[in-house]
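# Remarks on the overall topology
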Amino acid sequence: MKHLRIADFSMAVVDRGKGATLLLVHGFPLTHAMWQPQIEYFAEHFRVIAPDLPGFGESDAFVGVATMEHMADRLAALLDALEIRDRVIFCGLSMGGYIGWEFWRKHRQRLAGLIQCDTRVIADMPEVAKGRRILAARVLAEGSKVSADAMLPKLFGPQTPQQQAHLLDSVRRMIESNSPAGIAASLEGLAVRRDARELLSQIDLPTLVLVGEYDAISTPDEMRGIVAAIPNAEFVEIPDAGHLSTLENPLAANTAIEKFLTSHL
Ligand code: MLT
């Protein structure tokens, strides 16, 4: 990994391969490592940029409210620091997708395409936001394990625990390696994120929407609604996968992403 100093902040990033840039933005409360199957596969033909978001992995811890807008601005600053001037394909999963809407809102001139995986456009309902704040306080008091315990049961499709038990271990390790301060700052940021529905009809970029067949957080039905609101968006449902579709079924996810990239680039 590279460690880049951007103003007063250190950001860790995998930078592999050559070609058009594919920016992979991880979900909550994970790290760039959730993209390992995509990094390996796409670095053959693309420049793959997979950062640890502020407060996660080896990037500097973030204290306060890590808003989705702030994360989007950090990613734009990261592209500057890497001297990437050409338009990039932004691929985000879940929280990465929430950041994707904000990246479109503020930095759309940097985008060549958008891949939104297992994500939502609506803001949190008040009781959901309250639950996040309660979890943030517990994570700060008791440690990152609390957030692994809260998230793990929701992340995978029904077959994954039996058929790919190693993924549960590696995702737990990923979550527990994150600092309580970073996780709490993102929970506060998720709780105040903006509703992005009004943006959808304006999105005039090639857009691919992916969802795991059994995603219980951002369901296939909800994601079909997102696709219907974006002009010309394409939709692929990933079989045998839940919320972490790209990790649970990388063969199907990589095939869908590759088909999208080759037909639009
Ligand atoms: C994620 O995977 O990033 C989270 O499930 C997002 C959320 O909790 O809304």
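In what follows, the structure referred to is the one given above.
All figures in this text were calculated on a predicted structure; none of them were measured in a lab.

Time to look at the site of the ligand. Close contacts around the ligand come from G27, F28, S94, M95, Y98, R132, M151, I217 and H243, and that covers them all. One of the side-chain nitrogen or oxygen atoms of S94 is found 2.8 Å away from an oxygen atom of the ligand. Separating an oxygen atom of the ligand from a side-chain N or O atom of H243 is a distance of 2.8 Å. Its free accessible area being 270 Å², the ligand has 95% of it covered by the protein chains. In this structure, the ligand is accommodated by the largest pocket. A breakdown of the residues in the shell around the ligand according to their chemical character gives five nonpolar, three polar and one charged.

Turning to the layout of surface pockets, a few remarks are in order. The volume enclosed by the largest pocket comes to roughly 400 Å³. In this structure, the largest pocket is lined by 20 residues; those nearest its centre are V128, R132, M151, K154 and I217. Where the lining of the largest pocket is concerned, the elements lending two or more residues are α3 (95-107), α4 (126-142), α5 (145-155) and α8 (180-191). Ranked by residue count, the leading element in the lining of the largest pocket is α4, at four residues. Looking at the lining of the largest pocket, its residues break down into 13 nonpolar, three polar and four charged.

A regular strand places its side chains on the two faces of the sheet in alternate fashion. Counting buried positions along strand β3 (residues 21-25) gives five out of five residues, so the element sits mostly inside the fold. Of the two faces of β3, both are covered, the one formed by T21, L23 and V25 as well as the one formed by L22 and L24. Relative to strand β4 (residues 47-51), β3 is paired through three bridges, and the arrangement is parallel. Counterpart to L23 in the pairing with β4 is I49. A crossover links β3 with its parallel partner β4, the connecting element being helix α1 (residues 36-42), and its sense is right-handed. Of the pairings in the sheet, the one linking β3 to strand β5 (residues 88-93) comprises four bridges and is parallel in character. Residue pairing for β5: L23 is matched across the bridge by F90.

Time to look at α3. Taking 1.5 Å as the rise per residue, α3 with 13 residues should run 18 Å; its terminal C-alpha atoms sit 17 Å apart, in good agreement. Of all 13 residues in α3, 12 are buried, a share of seventy percent or more.

Once that is clear, we can look at the sheet that holds β4. Pairing is mixed in the open sheet, where eight strands are placed in the order β1-β2-β4-β3-β5-β6-β7-β8. Two strands close off the open sheet at either side, each with one partner strand: β1 (2-6) and β8 (234-238). Averaged over all pairs of adjacent strands, the angle between their axes in this sheet comes to 25°, without regard to strand direction. Judged from the six bridges that link them, β5 and strand β6 (residues 111-117) form a sheet pairing that is parallel. Looking at the pairing, I89 lines up with G113 of β6. Of the strands in this sheet, β1, β2 (9-16), β3, β4 and β5 touch helix α2 (residues 68-81), which is tilted by about 105° from β1.

Moving on, we get to empty space enclosed by the protein. One pass over the structure, following the stated rule, counts one cavity of 30 Å³ or more. Of the voids in this model, the largest cavity is the one considered here, and its volume is about 60 Å³. Ranked by the residues each element gives to the lining of the largest cavity, the list is headed by α3, at three residues. Its residues assigned to classes, the lining of the largest cavity comprises six nonpolar, no polar and four charged.

Conventions adopted
Residues numbered from 1 in each chain as written. Predicted model: local features only at pLDDT ≥ 70, side-chain atom pairs only at ≥ 80, totals over all residues. Heavy atoms only, no water. Near = heavy atom within 4 Å. Polar contact = N/O pair within 3.5 Å; in protein donor to acceptor, adjacent residues only side chain to side chain. Areas by Shrake-Rupley, 256 points an atom, 1.4 Å probe, with all protein chains shown as cover. 1 Å grid on protein atoms, 1.4 Å probe; cavity = no way out; pocket = protein on both sides within 12 Å on 5 of 7 lines; lining within 4 Å. Sits in = over half its atoms within 2 Å of the grid points. Nonpolar A, V, L, I, M, F, W, Y, C, P; charged D, E, K, R; others polar. Points joined across faces, edges and corners; volume = space filled by probe spheres on them. Helix = DSSP H or I, 4+ residues; strand = E, 2+ residues; numbered from the N terminus. Buried < 20%, exposed > 50% of the residue type's maximum accessible area, 1.4 Å probe, protein only. Pairing = 2+ DSSP bridges. Right-handed = clockwise from strand over helix to strand, strands pointing away. Expected span 1.5 Å × (residues − 1). Axes fitted to C-alpha atoms, helices over the stretch in contact; angles between N-to-C directions. Contact = heavy atoms within 4.5 Å.

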